[in-house]
Amino acid sequence: MDKKTFQIAIDGPVAAGKGTTAKLVAQRLGFLYVDTGAMYRALTLYTQRVGIYLDDEKKVIELLSRDKPKVELRVPEGEEKDGRLCTVLLNGEDVSWKIRTEEVSKGVSVITQYGGVRDMITPIARSIAESQSVVMEGRDITSVVLPEADLKIYMEADAMERARRRHRELLMRGEDISLETVYTDLVERDERDSNREIAPLKKVSDAWILDTTGLTIDGVAELIVARVNKITKNG
Ligand code: DC
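Below is a short write-up of the structure. Everything quoted here is computed from the prediction, not taken from an experiment.

### Things to note about the site of the ligand
- Near the ligand you find 16 residues, and of these R41, R118, R139, D140 and R196 are the closest.
- Between D140 and the ligand, the recorded distance is 2.8 Å, taken from a side-chain N or O atom to a nitrogen atom.
- In the environment of the ligand, an oxygen atom lies 2.9 Å from a nitrogen or oxygen atom belonging to the side chain of R196.
- Listed by contribution, the elements that provide at least two residues to the shell around the ligand are α2 (36–50), α4 (102–111) and α8 (179–195).

So, in structure tokens, the structure goes:
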């Protein structure tokens with residue numbers, strides 16, 4: 001049977017340009033942009049608000065399994081078009097910006113190590129990609145969530161350039177933080193994402209390795225769209 005949807009899976013470390021590029025590619029191709037990191041961030045915010053210690057795996061899983069907080073992603077509408085890449089709802093509340101703080105960033109890399117947490121998000125992400133064409137980004141999309149994706153990309157960039165990009169974003173949002181702190185946090189988070197036992201960030205053998213150092217977002221998006229056009233013509 002012909003597959004009706006087209007799946008682009010993108011993985012890579014923090015601030016490699018996955019989000020902005022994926023969003024642009026999705027807009028150009030008319031696909032849905034799916035930010036799986038945002039889903040994990042929303043569960044992190046929920047847990048932090050309740051006040052559960054994130055290092056306590058058992059308590060975190062118990063809480064999330066009991067309360068089943070509802071996480072939804074949608075394309076920003078009306079006043080939501082304020083620079084965000086997607087709108088994230090947590091039990092109906094718009095938390096699109098609340099999940100972008102350094103506090104949530106630190107917490108999310110702890111709870112994404114837990115298999116029980118990953119088992120809550122993976123099926124949701126897969127089911128989205130079954131019903132529509134997607135550009136989905138995260139850390140385990142090419143390896144676990146969509147290993148059969150039509151196009152698998154591992155996006156990377158020099159660590160200091162990534163820290164500078166992230167630092168600029170945080171300053172623009174009014175977070176008072178030094179470049180050194182952003183750099184240290186970023187390296188720490190990458191290490192945790194790459195070295196965890198369950199669904200670590202890795203380069204799958206058939207991934208296209210795309211180094212975005214020195215490239216513009218627009219340039220990277222163009223490369224990806226051209227590759228998709230080539231695949232669909234030849235396919
Ligand atoms: O892409 P991001 O920075 O919003 O991701 C937040 C955290 O979640 C980061 O530590 C990596 C982790 N993550 C993951 O483990 N698996 C995914 N599919 C997406 C994100």
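That shown, we press on.
### Observations regarding the environment of R227
- With respect to the helices and strands, the residue R227 is situated in helix α9 (residues 217–234).
- The exposure class assigned to R227 is partly exposed, which follows from its relative accessible area of 33%.
- When the C-alpha atoms of R227 and L151 are compared, they prove to be 8.5 Å apart, with 76 residues separating the residues in sequence.
- For R227, the contacting residues outside a window of four places in its chain are L151 and W208.

### Things to note about the packing of aromatic side chains
- Under the definition given, this model contains one aromatic pair.
- Plain terms: the ring middles of F6 and F31 are 6.0 Å apart, the flat faces sit at 40° to each other, and that makes the pair tilted. Of this pair, F6 sits in the segment before β1 (7–11) while F31 sits in the loop between α1 (18–29) and β2 (32–35), and the two are 25 residues apart along the sequence. Like F6, the residue F31 is buried in the burial classification.
- Residue placement shows R227 over the ring face of W208; its charged tip is 3.8 Å from the ring centre.

### Observations concerning the sheet that holds strand β5 (residues 93–94)
- Strand order in the open sheet formed by three strands is β3-β4-β5, and the pairing between neighbours is antiparallel. Here the strands that pair on one side only, and so sit at the sheet edges, are β3 (71–74) and β5.
- Strand direction decides the pairing type here: strand β4 (residues 87–90) and β5, joined by two bridges, are antiparallel. The residue bridging L90 from the neighbouring strand is E93, located in β5.

### Notes on the sheet that holds strand β7 (residues 151–156)
- The strand order across the open sheet formed by five strands is β2-β6-β1-β7-β8, and the pairing between neighbours is parallel. If you trace the sheet from one side to the other, it starts and ends with β2 and β8 (208–211), each paired once. Put simply, the sheet's adjacent strands are angled 20° from each other on average, direction ignored.
- Alignment of β1 against β7, held across four bridges, turns out to be parallel. When the sheet's bridge partners are listed, I10 is paired in β7 with I153.
- Relative to strand β6 (residues 134–138), helix α5 (residues 115–131) is tilted by about 160°, and along the sheet it contacts β1, β2 and β6.
- α9 rests against β1, β7 and β8 of the sheet, and its axis sits at about 165° to β7.

### Structural notes on the pattern of salt bridges
- Counting across every chain of the model gives 22 salt bridges.
- Taking the shortest distance from any N to any O, the salt bridge between D190 and R162 comes out at 2.9 Å. Residue D190 is found in helix α8, and its partner R162 is found in helix α7 (residues 159–172); the two are separated by 28 residues along the sequence. In this pair, the class of D190 matches that of R162, namely buried.
- With a shortest N-O distance of 3.3 Å, R192 and E188 are connected by a salt bridge. Separated by four residues within a single helix, R192 and E188 lie in helix α8, roughly one turn from each other.
- Judged by relative accessible area, which is 25%, R192 ranks as partly exposed.

### Focus: the environment of I10
- Residue position: I10 is located in strand β1.
- I10 gets classed as buried once you look at its relative accessible area, which sits at 0%.
- Separated by 127 residues in sequence, I10 and E137 place their C-alpha atoms 4.6 Å apart.
- When sequence neighbours within four positions are dropped, the list of residues in contact with I10 reads K18, A22, V135, M136, E137, G138, I141, I153 and M155.

So, how was this worked out
All chains use their own residue numbering, which begins from 1 and follows the written sequence. Reporting in this predicted model follows two pLDDT cut-offs: at least 70 for local features of residues, and 80 or more for side-chain atom pairs to be given and counted; totals over whole chains, interfaces and linings ignore these cut-offs and use all residues. Each side-chain value is derived from all of the structure's non-hydrogen atoms; neither hydrogens nor water enter the calculation. We call a residue near a given molecule or strand whenever any one of its heavy atoms falls within 4 Å of it. In the analysis that follows, any N or O atom pair within 3.5 Å is treated as a polar contact, provided that within protein one partner can donate a hydrogen and the other can accept it, and provided that, for residues neighboring in sequence, both atoms belong to side chains. What counts as a helix is a DSSP run of H or I of at least four residues, what counts as a strand is a run of E of at least two, and both are numbered from the N terminus. Relative accessible area decides the class of each residue, using a 1.4 Å probe on protein chains only: under 20% of the type maximum gives buried, over 50% gives exposed, and in between gives partly exposed. In this analysis, two residues are considered to be in contact whenever any of their non-hydrogen atoms come within 4.5 Å of each other. Two rings from Phe, Tyr or Trp (for Trp, the six-membered ring) form a pair when their centres sit within 6.5 Å of each other. Planes less than 30 degrees apart are called stacked, planes more than 60 degrees apart edge-to-face, and all others tilted. We call a charge positioned over a ring when the NZ of a Lys or the CZ of an Arg lies within 6 Å of the ring centre and within 35 degrees of the ring normal. Here a strand pair is declared whenever DSSP counts at least two bridges between the two strands. Here an axis means a line fitted to C-alpha atoms, over the contact stretch when the element is a helix, while the angle between two N-to-C directions is reported on a 0 to 180 degree scale. Only one rule defines a salt bridge in this text: a Lys or Arg side-chain nitrogen within 4 Å of an Asp or Glu carboxyl oxygen.

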